[in-house]
Amino acid sequence: MDGNDPQLRAAVAAAATTRDVTIGADCLGLVPAVLARTAPAGRYVIVADDNTWKAAGARVSSLLASAHVAIAPPILLAGEPRVKASAEASRELAGRLREGGLLPIAVGSGVINDLVKHAAEVAGTAYVCVPTAASMDGYAASGAALRDGGFKRTLACAAPVAIVADLDIVARAPAIMGAWGYGDLVGKLVAGIDWIVADALEEEALNPGPFALVQDNLATWLGNPAGVRQGDRAAIDGLVRGLVLSGLAMQANGNSRPASGSDHQFAHLWEMEEIEVDGLPVSHGACVGVGCLSMLAAYEWLQRQDMGAVDPARLAAAAPSPDALQAEVARAFPLSFMAANAAVETAAKVTTPARLEARLRRLQARWPEIVEQLRQRLPPAATVRGWLEAVGGPASAAALGISPEKHAHDHARARMIRRRFTGLDVLHDLGWLETAVAELFAPRGFWFNTGRKS
């Protein structure tokens, strides 16, 4: 455990599963001691791919052998062009763990961690995580984001009991992976304000501890995007801590609300559609970063509107019926597996006219307070676009291979993909979502030029 970071110690103390987190330079040699105090087992196995085996797996294996720790031959996952994040693969891995009585050590980045996390849950064992890149926030999170039957889901499973993040190894990862992690972290700007809005409208109460764990130091963690790109140790350290603490906040809260809002709704949509650039699937963090930009621009638009002109009773009376919403889902999702799941998620958001009217009246009453929070907490979308460019990540939907027309259309579709109440639902309740999108993509709108850059 990093004894010099009281915030990290407190976060681990509040976490549901993780009991030990070490973040530092040249700390990989601590793995045997971490295993002994947090995850004693008869035999361990390293799970990696060819790249992460070379980056850290081989050294972990050597360290364990030198410490006379019993280890099985490593399990090296393969896939073209990358290892696939599928529940089917994790269940197969679980069978191997169970058969050998093995406790796995996940050495890798997002996909390997999620596969091992779910496999360990299915096999009924704990696991330990050794990150090799600052590419996403799921290392310390409960739940694994895997495709199951084609649909990307967050499958219930426990977080690792321990994490050892060697900054020297992380800094040597391809720079684009740090950009992906930065994109995932920048999304917390929107996740935080979405939660504030949901709390103000009595849709989901804000949990102060997990909220503060992510939001209080977010500006510092995001403060040096160029340094992340250059492999600066201090910048990488901040990025890793931000990503790990986001995962610990999710553990403490019992779900992903502290770190996932409308930014992730866009990301999950695009990931399920298997968006590709140059033949490779677009990363989760890249999608989150662009999803964050989408919502920053939408929130800026929302602040310019006259909330006093809203007529809650009229809007509630004219709200789409459950049947009309289901018809909208069917039109929006031509892929049957996506339509079926979006129908369930959208149905969970249906409310009565009386409750919708009450929610809109709360929005009007709390609007000055909400606007103040927006102004204090959200940097301008153009500023964040500059951060994403500085870190070397995608800064527009076009950079993800998504046309302006599809990007505009996806604002409504993203709202339907998850039941979580976010800023997209506020715009929908007000009947303004279509208007907001039209203006954001019109000449002189935020996305008019940005969305047409390659």
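It should be noted that the structure appears before, not after, this text.
This section reports on the structure supplied with the text. Because the structure is a prediction, the values reported are computed rather than measured.

Rules and cut-offs
- Residues numbered from 1 in each chain as written.
- Predicted model: local features only at pLDDT ≥ 70, side-chain atom pairs only at ≥ 80, totals over all residues.
- Heavy atoms only, no water.
- Core = buried A, V, L, I, M, F, W, Y, C linked by side-chain atoms within 4.5 Å.
- Buried < 20%, exposed > 50% of the residue type's maximum accessible area, 1.4 Å probe, protein only.
- Helix = DSSP H or I, 4+ residues; strand = E, 2+ residues; numbered from the N terminus.
- Contact = heavy atoms within 4.5 Å.
- Pairing = 2+ DSSP bridges.
- Phe/Tyr/Trp six-rings, centres within 6.5 Å; stacked < 30°, edge-to-face > 60°.
- Right-handed = clockwise from strand over helix to strand, strands pointing away.

### Considerations on the nonpolar core
Formed by 136 residues in total, the largest nonpolar core has its most connected members in Val240, Leu248, Trp270, Leu302, Phe333, Leu363 and Leu430. Top contributing element to this core by residue count: helix α14 (residues 284-303), with 13 residues. When sequence neighbours within four positions are dropped, the list of residues in contact with Trp270 reads Ile275, Cys287, Val290, Gly291, Leu400, Ile402, Lys406, His407 and Asp410.

### Quick word on the environment of Cys27
Note that Cys27 resides in the loop between β1 (20-24) and α2 (31-38). Put simply, Cys27 and Leu167 are 140 residues apart on the chain and 8.0 Å apart in space, counted from C-alpha to C-alpha.

### Details of the environment of Pro379
Take Pro379: it is sitting in the loop between α18 (353-377) and α19 (381-391). For Pro379 and Ala249, which are 130 residues apart along the polypeptide, the C-alpha to C-alpha distance reads 22 Å. If sequence neighbours within four positions are ignored, Pro379 has contacts with Leu189, Leu296, Glu300, Val384 and Trp387.

### Side note on the pairing of β1
Remark: a regular strand shows side chains that alternate across the two faces of the sheet. Most of β1 is tucked away: five of the five residues are buried. By the alternation rule, side chains of β1 split into Asp20, Thr22 and Gly24 and Val21 and Ile23, which are all buried. One ladder, built from five bridges, connects β1 with strand β8 (residues 162-166); its direction is parallel. What sits directly across from Asp20, in β8, is Ala162.

### Regarding the packing of aromatic side chains
Tallied over the full model, the rule gives five aromatic pairs. On the basis of an interplanar angle of 85° and a centroid distance of 4.9 Å, the ring pair of Phe446 and Trp447 is categorised as edge-to-face. The residues Phe446 and Trp447 share a single accessibility class, namely buried. Through pairs of rings, three or more aromatic residues link up here, namely Phe441, Phe446 and Trp447.

### Quick notes on the pairing of strand β2 (residues 44-49)
Extensive coverage of β2 is indicated by the burial of six of its six residues. Burial of β2 is two-sided: the residues Tyr44, Ile46 and Ala48 facing one way and the residues Val45, Val47 and Asp49 facing the other way are all buried. As judged from the four bridges shared by β2 and strand β4 (residues 103-108), these two strands associate in the parallel manner. By the bridge assignment, Tyr44 is partnered in β4 with Leu103. As defined by bridge partners, β2 adjoins strand β3 (residues 75-77) across three bridges and the pair is classed as parallel. The partner of Val47 across the bridge, within β3, is Ile75. For the crossover from β2 across helix α3 (residues 50-66) to β3, the handedness is right-handed.

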